[in-house]
Amino acid sequence: MITHTSYAVEPWALRETGLNLDVLPQSESVFALSNGHVGWRGNLDEGEPHGLPGSYLNGVHELHPLPYAEAGYGYPESGQTVINVTNGKIIRLLVNDEPFDLRYGRLISHERVLDLRGGVLRRTVEWASPAGCVVRVRSTRLVSFSQRAIAAVAYEVEAVDSQVRIVIQSELVANEQLPHTAGDPRTAVALESSLDAEEDLADGNRLRLVHLTRKSGLRVAAAADHVVEGPAPTRTSSESGDDVSRLTVTSVLEAGQKLRMEKLVSYGWSSIRSLPAVRDQVDAALAGAFSTGWQGLVDEQRAYLDDFWERADVEVDGDEEIQQAVRFALFHVLQAGARAEQRAIPAKGLTGSGYDGHSFWDTETFVLPLLTYTAPSAVAEALRWRQSTLPAARDRADQLGLKGAAFPWRTIEGSECSAYWPAGAAAFHVNADIADAAIRYVAATGDEGFERECAVELLVETARLWRSLGHHDPHGAFHIDGVTGPDEYSAIADDNAYTNLMARANLLAAADVVERHPHKAAELGADAEESAAWRDAAEAMHVPYNAELGVHEQAAGYTGHQYWDFAAMRPEDYPLMLHFPYFDLYRKQVVKQADLVLAMYKCSEFFTEEHKARNFAYYEPITVRDSSLSACSQAVIAAEVGHLHLAYDYLVEAALMDLEDLESNTRDGLHIASLAGTWMALVAGFGGMRHTGDSLAFTPRLPERFSRLAFTMELLGRRLKVEIKSDAATYTLVSGAPMKISHHGETLTVSGEAPETRHIAHAPSRPAPDQPPGRRPDHREHREDRQHNS
Ligand code: BGC
C-alpha cells in the first residue's frame, strides 16, 4: 500500500518528493506514459533499480500454450501475453568512474512530477557519488499524443560543485531481464527473451533495432535519434549488436556546466509488413519527429491536452484530493485510449503487464462511456477494433454451436484467451456490453457513417448470438440460461438479470438499426422476420424477481441460496477467490462485484425508484468488492437512492485505487476501469447523468464534503457544462444548438443565451445499508485521522 502522503496534493500534477524504493513498482505504474499505442512505464531513466521494466506497443504479444489437466471441447488452446518490447528510455550515466545508481552514494534530493496539463513526466535528482562528486540530473519524458509512434526524453546532467567526467549511454535494449512475478493469477505470465534479432544499426547519433517475436511472428522495430549539446570537447560514438544499440557521449563538465541530450524514439510493428517496410516506417516516423524537434513535441503535447481538458475537465471544490485524483484518472484513461486506433484498450492500458495485457468488458462498460462524452473519436476506434475481430468472434460462436458472434472474455488480438469457462468465457454479457457502447456512441455523436459501417454489424451479430443462446419457454417468456454475469462469484446461472437486460437492449437496438439501414442489413442477411424475432425475444425477456422479498434476483433462484459466512472472514481472507474454492463461492450468496446494482445503472429505466432502493439495500450486505470495478458502480446507485455519504466513500475508493494501491497490485499496472469509474461516480453518481436514446437527464446531489462539482460533456455537436452546488444546479450551453435536458424530472431547454439554474431538493432519507463485516468502504474521516496519527 502507498500512503497518500507520498504524493503531494496539487490540482494539476502528481508530485513525488522523495524516492521510496519499496514502492518503486507501484510508482512506475502511476508515472507511466502512454498514448494508447506506445506505453512506457515510469522506470527510472538509468534503467535500474526497477520494479518491472516496461515498454509496450499496443497489440504486440507472444503466444503460449494454455495447459489443461483435462482437455474439453472448445477450450482455447493458445494464450496471448503482452511482451516487454525494446526499451528506448534507458539513459545510463557514469559520474567520473561510478555508475549513477541511486542504491549507492547519497541521494540529496529526488522529485518526480507527472504534469497532467503538459503530459510530461519531469524528474530532478541531486546525487553525490560514493566518492562525493555531486551531480544534478533533470529529465523530461513524454509519449506523444500528436505523433503516435513517438516517445522522447530530454536529459540533462550538471556538475554541481567540482569538475566531473561524464559518460552518457543512450540505449535501445531488447529482451531485458524481467524480475520473476509472484504467484497471483492476475499477474502476467512473464515471457522473457521473446524477441529474435533481425537487424541492428548504429549510425552516428541514430540507432535502430528490429526484432521478430518467436511464436506470434510480429515484427517490432524501434529507432532513436539524438541531439547532444555539451562543452567542447564533447564526443560521441555509437555501436550496436543483436539486443543493444547504443550512443555514448563523453564530456568533462566544470562546476555549473551541463551536458544535454534530447532523445527521440520511434516505434513500429506489423504482423504482415516486410523488414524493409517496418524499418522504413520507424525511420520515417523518427524523421518527422526530428523535424518537429523536442520543443515542438512538448508544445504539441500541451496543445492536445489543452483541447482535451476543455472538453473533459471535472472540477471538485471542497476536496483537493479528489480533485487531483479525478484529473489523474482522466489523464490515464485518455492515455489508454487516445491513439489506440483500431487496437484494444487493455484492462491495465499500457501501464503494466497485469492480466497479461488483455482487454475485457472493462473497456466497453467503464472506459468507453467516459470517452464517449470527452474524446469520442477514441471510442469509434475502439469499437472498430472489435469489428475487425468479428471473424474470430463468428468462429467462436460457431464452435460453441451458436449463431452470430461470440466476442472473447479476454483477448489481445481477438480470439478467446480465457482458459476458465465458468468465470471467463461464460460471461457472454461482454457481447451486450460492446453493443451498449456502440449504441451510446451513436446516440452521443449522431455519427451515421459509424452506425452504418460498424454499429449495424456489431448489433446484428450480437443480437443473433442472444437469440440463439436463449429460448422461449412454453409460456412465451425468453430465458438465457447457463451464463456468468458480472459477479464472478456466481457462475453458469440462469437468467442473470444484468445479462438479460443488457441483451434485451441489444436485441431492440439491432431491430432498430436493421430498419434504419435496410441495405446494410440485407448485406448481412438480416431481414424483417429476423428482427421481429429479436423484438419478440426482447419483449418477452425474463428478469427474475422475488415477490416475497420485493427484490430483483441477480439470477434465477439466487435469493434462495445459502449466505456466505461473512462473520467468519478475517481481513486477510480477501480477495475470497484466492482463499476459498470457487465451487463454494458459486453456491452461496456472496457478490464479488456489482451485478444487479450495475444493471440498475445501465438499464436504469427498467427499475422503479422503490425497486432501486430495495435492491440496493439487499445486495449491499453481501457484496464484498473483490474487484476494483465494483466501488464506482455502487457509488452511482448509492447516490441515486440517497446514500450520499456512502456514495462518497465508494467514490474515494475508486479514485484512490492506484494512488494508494488499495488492492496491492498497482505494480502490475493501473486499474483503468476503476480510474474511469472515478468519472462515473462523479458524473453519473453525484451528477445523476443518464443518457438513453435522445434523453439526457440529470438528478444532481452533492455529498456534504463538496461545495461544488462541475463537469463538461460533448453531445451531438454541443458542449454542455454542468455546475452543481448543494442547493442548485446550473446548466450552461458552451457551444452548439439549444438542447433539451431533464433536471430531477423537469424538462428544460438550454440555449446559448443564458444558463439555466434549478433548485435541488433534499435526497430521500433511508436507513443506510450494511456491508459485510470489514468490507465497508473506508470513511474518509477515519483515513484522515489515521494519516494524522501516523
Ligand atoms: C473482474 C472482471 C474484470 C477483470 C479485469 C476481474 O477481477 O472480476 O470483471 O473484467 O478483473 O479487470
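Going by the structure above, here's the rest.
Residues numbered from 1 in each chain as written. Predicted model: local features only at pLDDT ≥ 70, side-chain atom pairs only at ≥ 80, totals over all residues. Heavy atoms only, no water.

## Remarks on the state of the cysteines
A complete count under the given rule lists zero disulfides for this structure. Between cysteine 603, a cysteine without a disulfide, and cysteine 632, which holds the nearest cysteine sulfur, the sulfur-to-sulfur distance is 16 Å. Residue classification places cysteine 632 among the buried positions, given a relative accessible area of 0%. (Disulfide = S-S within 2.5 Å. Buried < 20%, exposed > 50% of the residue type's maximum accessible area, 1.4 Å probe, protein only.)

## Structural notes on the pairing of strand β16 (residues 206-213)
For β16, the tally of buried residues reaches six of eight residues, placing the bulk of the element in the interior. Relative to β16, strand β15 (residues 195-203) runs antiparallel, the two being bridged by eight bridges. Bridge pairing links alanine 197 to histidine 211 in β16. Counted between consecutive antiparallel strands, the loop separating β15 from β16 contains two residues, among which glycine 204 sits at a positive phi close to 60 degrees. Sheet topology note: the β16/strand β17 (residues 219-229) ladder contains six bridges and is antiparallel. (Helix = DSSP H or I, 4+ residues; strand = E, 2+ residues; numbered from the N terminus. Pairing = 2+ DSSP bridges.)

## Points about the side chain of arginine 141
Along the chain, arginine 141 turns up in strand β12 (residues 134-143). Here the side chain of arginine 141 touches aspartate 45 through a polar contact of 3.3 Å, side chain to side chain. (Polar contact = N/O pair within 3.5 Å; in protein donor to acceptor, adjacent residues only side chain to side chain.)

## Observations concerning the site of the ligand
Around the ligand, the surrounding shell consists of Tyr355, Phe360, Trp361, Asp362, Trp409, Glu488, Lys592, Gln593, Ser627 and Leu629. Here tyrosine 355 contributes a side-chain N or O atom positioned 2.9 Å from an oxygen atom of the ligand. Here aspartate 362 contributes a side-chain N or O atom positioned 2.6 Å from an oxygen atom of the ligand. Protein coverage of the free-state accessible area of the ligand, which is 310 Å², stands at 93%. Its residues placed into classes, the shell around the ligand shows five nonpolar, two polar and three charged. (Near = heavy atom within 4 Å. Areas by Shrake-Rupley, 256 points an atom, 1.4 Å probe, with all protein chains shown as cover. Nonpolar A, V, L, I, M, F, W, Y, C, P; charged D, E, K, R; others polar.)

## Looking at the sheet that holds β12
Spatially, the 10 strands line up as an open sheet ordered β1-β2-β10-β11-β12-β13-β20-β17-β16-β15, and their pairing is antiparallel. A strand with exactly one partner marks an edge of an open sheet, and here the two such strands are β1 (7-9) and β15. Mean inter-strand twist for the sheet, computed between neighbouring axes without regard to direction, equals 15 degrees. With respect to the sheet, helix α2 (residues 275-312) is in contact with β12, β13 (150-159), β15, β16, β17 and β20 (258-270), its orientation differing from that of β20 by roughly 135 degrees. Its contacts with the sheet place helix α3 (residues 320-337) against β1, β2 (13-16) and β10 (106-115), and it is angled at close to 115 degrees to β1. (Axes fitted to C-alpha atoms, helices over the stretch in contact; angles between N-to-C directions. Contact = heavy atoms within 4.5 Å.)

## Looking at the environment of glycine 105
Counting through the fold element by element, glycine 105 comes out in the loop between β9 (98-99) and β10. Separated by 25 residues in the primary sequence, glycine 105 and proline 130 place their C-alpha atoms 4.1 Å from one another. With residues near it in sequence (within four places) discarded, glycine 105 still touches Trp127, Ala128, Ser129 and Pro130.

## Some remarks on the packing of aromatic side chains
Considering all chains together, one arrives at 26 aromatic pairs under this definition. Here the aromatic rings of tyrosine 355 and phenylalanine 360 are separated by 5.1 Å at their centres, their planes lie at 70 degrees, and the arrangement is edge-to-face. Ring geometry for tyrosine 558 against tyrosine 619: centres 6.4 Å apart, planes inclined by 25 degrees, an arrangement best described as stacked. Here tyrosine 558 is found in the loop between β25 (551-552) and β26 (562-563), whereas its partner tyrosine 619 is found in helix α15 (residues 609-619), with 61 residues between them in sequence. Here tyrosine 558 and tyrosine 619 have matching classes, each one buried. Put simply, the rings of Tyr355, Phe360, Trp361, Phe366, Trp409 and Tyr498 pair up and form one aromatic cluster. Over the ring of tryptophan 12 we find arginine 117; its NZ or CZ atom is 4.1 Å from the centre of that ring. (Phe/Tyr/Trp six-rings, centres within 6.5 Å; stacked < 30°, edge-to-face > 60°. Lys NZ or Arg CZ within 6 Å of the ring centre and 35° of its normal.)

## Topic: helix α8 (residues 429-445)
The end-to-end C-alpha separation of α8 is 24 Å, in line with the 24 Å expected for 17 residues at 1.5 Å each. Most of α8 sits inside the fold, with 15 of its 17 residues counted as buried. Phi turns positive, to about 65 degrees, at glycine 446, one or two residues after α8. (Expected span 1.5 Å × (residues − 1).)

## Looking at the pattern of salt bridges
Per the counting criterion, the structure on display carries 64 salt bridges. Glutamate 461 serves as the salt-bridge partner of arginine 464, at 3.2 Å between the closest nitrogen and oxygen. Of the two residues, arginine 464 and glutamate 461 both sit in helix α9 (residues 448-469), three residues apart, roughly one turn of that helix. A single burial state applies to arginine 464 and to glutamate 461, both of which are buried. Residues joined by salt bridges that share partners form a network here, namely Glu126, Arg136, Arg138, Glu156, Glu158, Arg260 and Glu262. (Salt bridge = Lys/Arg side-chain N within 4 Å of Asp/Glu carboxyl O.)

## Overview of helix α12 (residues 528-539)
The α-helix advances 3.6 residues per turn, and as a result positions three or four apart in sequence lie on the same side. Taking 1.5 Å of rise per residue, 12 residues should cover 16 Å, and α12 covers 16 Å from first to last C-alpha, within 8% of that figure. Among the residues making up α12, those that are buried are Ser531, Trp534, Ala537 and Ala538. Here the buried residues of α12 occupy an arc of 115 degrees about the axis, which is enough to place them on one side. For α12, the exposed residues set more than 90 degrees away from the buried face come down to Ala528, Glu529 and Glu539. Against α9, β22 (471-472), β23 (478-479) and α10 (497-516) lie the buried residues of α12. (Arc of directions from axis to C-beta.)

## Topic: the packing of α9 against α10
Axis angle and axis distance: for two packed helices, these are the angle between their axes and the distance between the axes, and together they describe the pair. Running from amino to carboxyl end, α9 crosses α10 at an angle of 130 degrees, the nearest separation of the two axes being 8 Å. Considering the angle they form, α9 stands oblique to α10. The crossing of α9 and α10 is left-handed. Contacts from Glu451, Val456, Leu459, Val460, Thr462, Ala463, Trp466 and Arg467 of α9 reach α10 at Thr499, Ala503, Asn506, Leu507, Ala509, Ala510, Val513, Val514 and Arg516. For the contact of α9 with α10, the class distribution of residues is 11 nonpolar, three polar and three charged. (Parallel < 35°, antiparallel > 145°, perpendicular 65-115°, else oblique. Left-handed = near helix turned anticlockwise from the far one by under 90°.)

## Some words on unusual backbone geometry
Residues glutamate 48 and proline 49 are joined by a peptide bond in cis, for which omega reads -5 degrees. Cis geometry is adopted by the peptide bond preceding proline 575, which originates at tyrosine 574 and carries an omega value of -5 degrees. Among the secondary structure elements, proline 575 is positioned in the loop between β26 and α13 (582-586). Residue arginine 625 is not a glycine yet carries a positive backbone phi of 55 degrees. On the secondary structure map, arginine 625 appears in the loop between α15 and α16 (630-640). You can call arginine 625 buried: its relative accessible area is 7%. One non-glycine residue, leucine 716, lies in the positive phi region at around 45 degrees. You can see leucine 716 is positioned in the loop between β30 (708-715) and β31 (718-724).

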